[in-house]
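Descriptive analysis of the structure
One letter stands for each residue in the lines below.
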Amino acid sequence: QKEVEQNSGPLSVPEGAIASLNCTYSDRGSQSFFWYRQYSGKSPELIMFIYSNGDKEDGRFTAQLNKASQYVSLLIRDSQPSDSATYLCATPGRGGADGLTFGKGTHLIIQP
Amino acid sequence: DTAVSQTPKYLVTQMGNDKSIKCEQNLGHDTMYWYKQDSKKFLKIMFSYNNKELIINETVPNRFSPKSPDKAHLNLHINSLELGDSAVYFCASRQISGNTIYFGEGSWLTVV
């Protein structure tokens, strides 16, 4: 059974600072990781995914993957109040049609 | 034009009733899912269907019965509703060869 662990927070970050969200996973065979953002009362939406060790940048977002340490992170630069949401880390299940196994999410609050 | 649509969005019902939630996707995807998000915001997969065939049935009570009449539709029927069934139910879809899972807007079920 794959497990994905996240600190539920809340994580409070001042506006303009870098928000760092972390995720660990139990299955060393996990190959890919997804970060979803969920605003209160809304559905999850994909921010980015990462397959390879190292960093992947997309605008203000950087995903980092360290397979040796079984650790994934999401950095949000120049944090804005609109970034306040719950961030969900996820990895695919066992087979091709499997859905994603999600962590419990980290609640991020950007303080103006 | 909504990619993954669910109905109803809100549903309040009494214990013991039977209810259904409908889901349709117009993305041409071959895989559809039902997820449950509880009061602690934990998002957990319930069912996965690929080309109308059940792929995953996680440890969900058999009071929950999914039905996929075609690739674009995945409905969820719940018998003998219990208080603990109160949650947000998300339908989702993806192309099995693709990366991204797209979520519907969610159906808020409250059992009283």
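Attention in this report is confined to the structure presented alongside it. (Residues numbered from 1 in each chain as written. Chains lettered and ligands numbered in written order. Predicted model: local features only at pLDDT ≥ 70, side-chain atom pairs only at ≥ 80, totals over all residues. Heavy atoms only, no water.)

Some remarks on the overall build of chain B
How we decide: Helix and strand definitions here come from DSSP, where helices need a minimum of 4 consecutive H or I residues and strands a minimum of 2 consecutive E residues; each element is numbered from the N-terminal end. Values of the radius of gyration come from C-alpha atoms, whereas the globule rule sets the reference at 2.2 Å times the count of residues to the power 0.38. Exposure is judged per residue with a 1.4 Å probe applied to protein chains only, and the accessible area is read against the type maximum: over 50% gives exposed, under 20% gives buried, and values in between give partly exposed. We call two residues contacting when some pair of their heavy atoms lies within 4.5 Å. Within this scheme the basic residues Lys and Arg register as positive and the acidic residues Asp and Glu register as negative, but His and the chain ends are omitted. Where a charge lies is defined by one atom per residue type: Lys uses NZ, Arg uses CZ, Asp uses CG and Glu uses CD.
Scanning chain B for helices and strands turns up zero helices and eleven strands. Against the 2.2 N^0.38 benchmark of 13 Å for 112 residues, chain B shows a C-alpha radius of gyration of 13 Å, consistent with a compact globule. Considering only C-alpha atoms, chain B reaches an extent of 40 × 25 × 25 Å along its principal axes. Here chain B, with 112 residues, has 46% of them falling under the buried criterion. Once local pairs closer than 6 in sequence are excluded, the contacts in chain B between residues at least 24 apart make up 53%. Measuring between centres, the 12 positive side-chain charges of chain B sit 4 Å from its 11 negative side-chain charges.

Concerning the interface of chain B and chain A
Definition in use: A quick way to say it: buried area is the sum, across both parts, of accessible area lost when two parts are put together, with a 1.4 Å probe. Salt bridge, as used here, is a side-chain nitrogen of Lys or Arg placed within 4 Å of a carboxyl oxygen of Asp or Glu. For this analysis, a polar contact is any N or O atom pair within 3.5 Å, provided that within protein one partner can donate a hydrogen and the other can accept it, and provided that sequence-adjacent residues contribute only side-chain to side-chain pairs. Each residue receives one of three labels: charged for Asp, Glu, Lys and Arg, nonpolar for Ala, Val, Leu, Ile, Met, Phe, Trp, Tyr, Cys and Pro, and polar for the others, Gly being one of them.
Across the boundary between the two partners, chain B contributes 23 residues, which contact 20 residues of chain A. Across the chain B to chain A interface the summed buried area is about 1,700 Å²; carbon plus sulfur atoms make up 57%. On the chain B side of the interface with chain A, the three residues burying the most area are B:F42, B:N99 and B:F103, jointly 29% of the side's total. At the boundary of chain B with chain A, the tally comes to zero salt bridges. Between the two partners, chain B and chain A, sit four residue pairs in polar contact (both at pLDDT 80 or more). Class assignment for the residues of the side of chain B that touches chain A results in twelve nonpolar, seven polar and four charged.

Considerations on the sheet that holds strand β7 (residues 64-70) of chain B
All names here are of chain B. The condition that has to hold: Strands are labelled as partners when DSSP assigns at least two bridges between them. To obtain each axis, a line is fitted to C-alpha atoms, and for helices this fit is confined to the stretch in contact; angles are then taken between N-to-C directions over 0 to 180 degrees.
One open sheet accounts for four strands, arranged β1-β3-β8-β7; its pairing is antiparallel. The outermost strands of the open sheet, each flanked by one partner alone, are β1 (4-7) and β7. Averaged over all adjacent pairs, the angle separating strand axes in this sheet is 20 degrees, with direction ignored. Bridging between strand β3 (residues 19-25) and strand β8 (residues 73-78) involves four bridges; their strand directions are antiparallel. Counted as the bridge partner of E24 is H73 from β8.

Brief notes about the state of the cysteines
Residue and element names in this part refer to chain B. The cut-off we apply is this: Throughout, disulfides are identified as pairs of cysteine sulfur atoms within 2.5 Å of each other.
Across all of its chains, the model carries two disulfides over all chains by this definition. Here C23 pairs with C91 through a disulfide, and the sulfurs are 1.9 Å apart. Taking the sign of the S-S torsion, about -75 degrees here, the bridge from C23 to C91 comes out left-handed. Of this pair, C23 sits in strand β3 while C91 sits in strand β9 (residues 87-94), placing them 68 residues apart in sequence. Residue C23 is classed as buried on the basis of its relative accessible area, which comes to 2%.

Section: the pattern of salt bridges
Residue and element names in this part refer to chain A. Applying the stated criterion to the full structure yields five salt bridges over all chains. With a shortest N-O distance of 3.4 Å, R77 and E57 are connected by a salt bridge. Residue R77 is located in the loop between β8 (71-76) and β9 (85-92), and its partner E57 is located in strand β6 (residues 54-58); the two are separated by 20 residues in the primary sequence. Of the residues examined, R77 reaches a relative accessible area of 27% and is grouped as partly exposed.

Side note on the sheet that holds strand β3 (residues 19-25) of chain A
Judged by pairing direction, the sheet is antiparallel, and its five strands sit side by side in the order β1-β3-β8-β7-β6 (chain A) without closing on themselves. In this open sheet, the two strands that pair with only one neighbour each are β1 (4-5) and β6 of chain A.

What to know about the packing of aromatic side chains
Our working rule: Stacked, tilted and edge-to-face pairs are distinguished by plane angle, under 30 degrees for stacked and over 60 for edge-to-face with tilted covering the rest, among Phe, Tyr and Trp rings (Trp via its six-membered ring) whose centres lie within 6.5 Å.
Across all of its chains, the model carries 13 aromatic pairs over all chains by this definition. Consider the rings of A:Y36 and A:F102, whose centres lie 5.6 Å apart with planes at 65 degrees: the pair is edge-to-face. Placement of A:Y36 in strand β4 (residues 33-38) and of A:F102 in strand β10 (residues 100-102) is noted, with a sequence separation of 66 residues between them. When sorted by exposure, A:Y36 lands in the same class as A:F102, which is buried. Ring geometry for A:Y36 versus B:F103: centroids 5.7 Å apart, planes at 90 degrees, classification edge-to-face.

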